[in-house]
Amino acid sequence: MAESGPAAEFRPVELGGKNLPISDDPKDTASKKEQEPSSSQNAVPPYLMRKFFVARPGAFEQANEDLRNQILTKENETVNSAWLLAEVDHWNNEKERLVLITDKSLFICKYDFIMLCCQQIQKVPLNFIDKLCLGPFTFPERSLDKREGEGLRVHWDKLREPTFANRWNPFSEVLPYTTFIDHPLKSSSEKFSVICQISGFADSLIHAVEEAHKENPVPGRANGALVLKQPIAIETYVGLMSFIGNRNKLGYSLARGSVGF
């Protein structure tokens with residue numbers, strides 16, 4: 001996975017170059033506008049991009065290097081790819097996550113881009129992943145909650161059904177699945193468009209899971225994982241907590257202004 005460093009975001013401008021001819025023909029102007037990439041229309045405004053600490057020059061590279069060293073030292077595993085995504089819990093709350101894939105494991109990392117330190121790492125063995133679902137989100141018929149776009153839900157223990165208490169506990173972390181969506185910075189630059197989209201992450205994860213099942217099958221369990229295109233259900237009805245949290249991006253390392261006296 002190609003990544004561009006901080007230097008790619010700042011380029012020196014050469015002054016005194018050749019003067020380009022200026023055309024007054026409106027047809028030329030229209031043709032130039034047609035040639036401009038349409039993706040710029042969907043790009044995150046610069047002022048909003050600057051609020052995300054991960055978008056600061058060198059922040060993602062520092063976090064990536066830090067986590068790679070920790071995983072190599074503590075788990076003796078080499079990271080093959082790193083992704084910047086958002087995790088959606090069973091109560092529809094978004095949380096910024098760095099997700100890394102090795103030959104054996106999936107690491108879901110809660111990283112503080114303000115202090116540049118890792119706060120939590122969840123390890124999921126790739127050969128335990130038994131189902132991956134990619135599709136739009138659905139909610140109960142009378143639910144006031146909603147979410148646009150598609151997500152990827154990763155299941156790693158189909159033999160263990162989540163209990164009623166775990167499903168309705170907003171702080172439960174023992175559910176045998178998790179859900180990912182695109183990071184808000186996916187359209188901000190070429191670098192983030194590569195690492196922040198579910199489509200690329202899904203392809204990389206599916207390939208890694210298939211290889212892990214071949215190399216290290218789990219005794220007594222069916223080899224391979226189901227890859228399904230189907231809606232992803234979230235069982236929330238009111239969603240007031242997620243509405244406030246997601247609207248204010250409380251799950252992201254974000255600059256929220258200063259308070260003075």
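What counts, and at which threshold
- Residues numbered from 1 in each chain as written.
- Predicted model: local features only at pLDDT ≥ 70, side-chain atom pairs only at ≥ 80, totals over all residues.
- Heavy atoms only, no water.
- UniProt positions renumbered as here; feature names shortened; annotations may be inferred.
- 1 Å grid on protein atoms, 1.4 Å probe; cavity = no way out; pocket = protein on both sides within 12 Å on 5 of 7 lines; lining within 4 Å.
- Points joined across faces, edges and corners; volume = space filled by probe spheres on them.
- Helix = DSSP H or I, 4+ residues; strand = E, 2+ residues; numbered from the N terminus.
- Nonpolar A, V, L, I, M, F, W, Y, C, P; charged D, E, K, R; others polar.
- Buried < 20%, exposed > 50% of the residue type's maximum accessible area, 1.4 Å probe, protein only.
- Phe/Tyr/Trp six-rings, centres within 6.5 Å; stacked < 30°, edge-to-face > 60°.
- Lys NZ or Arg CZ within 6 Å of the ring centre and 35° of its normal.
- Pairing = 2+ DSSP bridges.
- Patch = residues over 30% accessible without salt bridge, like charges linked within 9 Å, V, L, I, M, F, W, Y side chains within 5 Å.
- Areas by Shrake-Rupley, 256 points an atom, 1.4 Å probe, with all protein chains shown as cover.
- Salt bridge = Lys/Arg side-chain N within 4 Å of Asp/Glu carboxyl O.
- Lys, Arg positive; Asp, Glu negative; His and termini not counted.
- Charge placed at Lys NZ, Arg CZ, Asp CG, Glu CD.

- The name given to the protein in an unreviewed UniProt entry is Tumor protein p63-regulated 1, with the source organism recorded as Xenopus tropicalis.
- Taken directly from UniProt, the Sequence similarities (unreviewed entry) text for the protein runs: "Belongs to the TPRG1 family."

Describing the layout of surface pockets
The rolling of a water-molecule-sized probe over the atoms marks out the regions of remaining empty space.
Phase 1: Approximately 810 Å³ is the volume found for the largest pocket.
Phase 2: If you go around the largest pocket, you meet 34 residues; those closest to its centre are Glu-87, Asp-89, Lys-95, Arg-97 and Glu-173.
Phase 3: For the lining of the largest pocket, the elements supplying multiple residues, two or more each, are β1 (81–88), β2 (94–101), β3 (105–112), β4 (117–125), β7 (177–181) and α7 (240–247).
Phase 4: When grouped by side-chain class, the residues that make up the lining of the largest pocket number twelve nonpolar, twelve polar and ten charged.

Thoughts on unusual backbone geometry
Phase 1: Positive phi outside glycine occurs at Asn-76, with the angle close to 55°.
Phase 2: By the secondary structure assignment, Asn-76 is in the loop between α3 (59–75) and β1.
Phase 3: On the basis of relative accessible area, Asn-76 is assigned to the exposed category, the value being 65%.
Phase 4: Positive phi outside glycine occurs at Leu-116, with the angle close to 55°.
Phase 5: Mapped onto the elements, Leu-116 comes out in the loop between β3 and β4.

Considerations on the packing of aromatic side chains
A ring pair, where both rings are aromatic, is described by two values, the distance of the centres and the angle of the planes.
Phase 1: Taken as a whole and assessed by the stated rule, the structure comprises four aromatic pairs.
Phase 2: Judged by centre distance (5.1 Å) and plane angle (55°), the ring pair of Tyr-111 and Phe-113 falls under tilted.
Phase 3: Relative accessible area serves as the criterion here: at 4%, Phe-113 is assigned to the buried category.
Phase 4: Members of the aromatic cluster, each reached through a chain of ring pairs, are Trp-83, Phe-180 and Phe-201.
Phase 5: Here the guanidinium or amino end of Arg-147 rests over the ring plane of Phe-137, the centre of that ring lying 5.8 Å away.

Notes on the pairing of β1
Phase 1: For β1, a buried count of eight out of eight residues is recorded, marking the element as mostly surrounded by other parts of the structure.
Phase 2: Side chains Ser-81, Trp-83, Leu-85 and Glu-87 of β1 all project onto a buried face; the interleaved residues Ala-82, Leu-84, Ala-86 and Val-88 project onto the opposite face, where all are buried too.
Phase 3: Note that β1 and β2 share eight bridges and pair antiparallel. Residue Ala-86 lies in a different strand from β2, and its bridge partner there is Glu-96.
Phase 4: Hairpin remark: β1 followed by β2, antiparallel, with five residues in the connecting loop; positive phi at Asn-92, about 70°.

Here we look at the pairing of β2
Phase 1: Most of β2 is tucked away: seven of the eight residues are buried.
Phase 2: Bridge count between β2 and β3: four bridges; the pairing is antiparallel. Looking at the pairing, Val-99 lines up with Ile-108 of β3.

Details of a negative patch on the surface
Phase 1: A cluster of like negative charges, contributed by Asp-103, Glu-210, Glu-211 and Glu-215, occupies part of the molecular surface.
Phase 2: Among the secondary structure elements, Asp-103 is positioned in the loop between β2 and β3.
Phase 3: Look at Asp-103 and you get exposed, because its relative accessible area is 58%.

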